[in-house]
Amino acid sequence: MTQPLDYSTAPIELLQADLGHRIEALRLGRNIQQRELATEAGVSRRTITRLENGQSVSLDTLLRVMRALGVSGRLASLLPEPAVQPVDRIRLKRRERKRASARRSRAPATWQWADQDTES
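Before going into details, it helps to say that this report is about the structure given with it. (Residues numbered from 1 in each chain as written. Predicted model: local features only at pLDDT ≥ 70, side-chain atom pairs only at ≥ 80, totals over all residues. Heavy atoms only, no water.)

### What about the nonpolar core?
Right, so step 1: Residues Ile23, Leu37, Ala38, Ala41, Val43, Ile48, Leu51, Val65, Met66, Leu69 and Val71 constitute the largest nonpolar core, which totals eleven residues.
Right, so step 2: Among the elements of the structure, helix H2 (34-41), helix H3 (45-52) and helix H4 (59-69) are those that each provide at least two residues to this core.
Right, so step 3: Here alanine 41 is in contact with Arg64, Val65 and Ala68, once residues within four sequence places are set aside. (Core = buried A, V, L, I, M, F, W, Y, C linked by side-chain atoms within 4.5 Å. Buried < 20%, exposed > 50% of the residue type's maximum accessible area, 1.4 Å probe, protein only. Helix = DSSP H or I, 4+ residues; strand = E, 2+ residues; numbered from the N terminus. Contact = heavy atoms within 4.5 Å.)

### Quick look at the pattern of salt bridges
Right, so step 1: Under the counting rule described, the total for this entry stands at three salt bridges.
Right, so step 2: A salt bridge links arginine 22 to aspartate 18; the shortest N-O distance between them is 2.9 Å. With arginine 22 and aspartate 18 both in helix H1 (residues 12-29), this residue pair falls four residues apart, about one helical turn.
Right, so step 3: With a closest N to O distance of 2.8 Å, aspartate 60 and arginine 64 form a salt bridge. Taken as a pair, aspartate 60 and arginine 64 lie in helix H4 at a separation of four residues, close to a single helical turn.
Right, so step 4: Take aspartate 60: its relative accessible area is 45%, and that puts it in the partly exposed class.
Right, so step 5: Look at arginine 64 and you get partly exposed, because its relative accessible area is 38%. (Salt bridge = Lys/Arg side-chain N within 4 Å of Asp/Glu carboxyl O.)

Shown next, in the form of structure tokens:
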């Protein structure tokens, strides 16, 4: 038994390999051939092979394959629903935020030598 993968720190290549393995396991658990899944998803069989081998595929391809496997309903749980805090809503005068504001940088303090007299 392998240890669970830490998705927050694992390299992208390991994440792709793990997702590919999971998709392959779903496909085999449902007794679907790669050719059948490819036809249902509207992609080539080679694309399914690449996905299952952990190679890069487009987001569109991943979404099509997930839909064909019947697991696209789980996508909403990947990202939380953005919620505006009540205080922010008042501050924004009940308008929803459309874009992020630029980050303000603090001006660096004037640097000087420790043995330098400041009252010269």
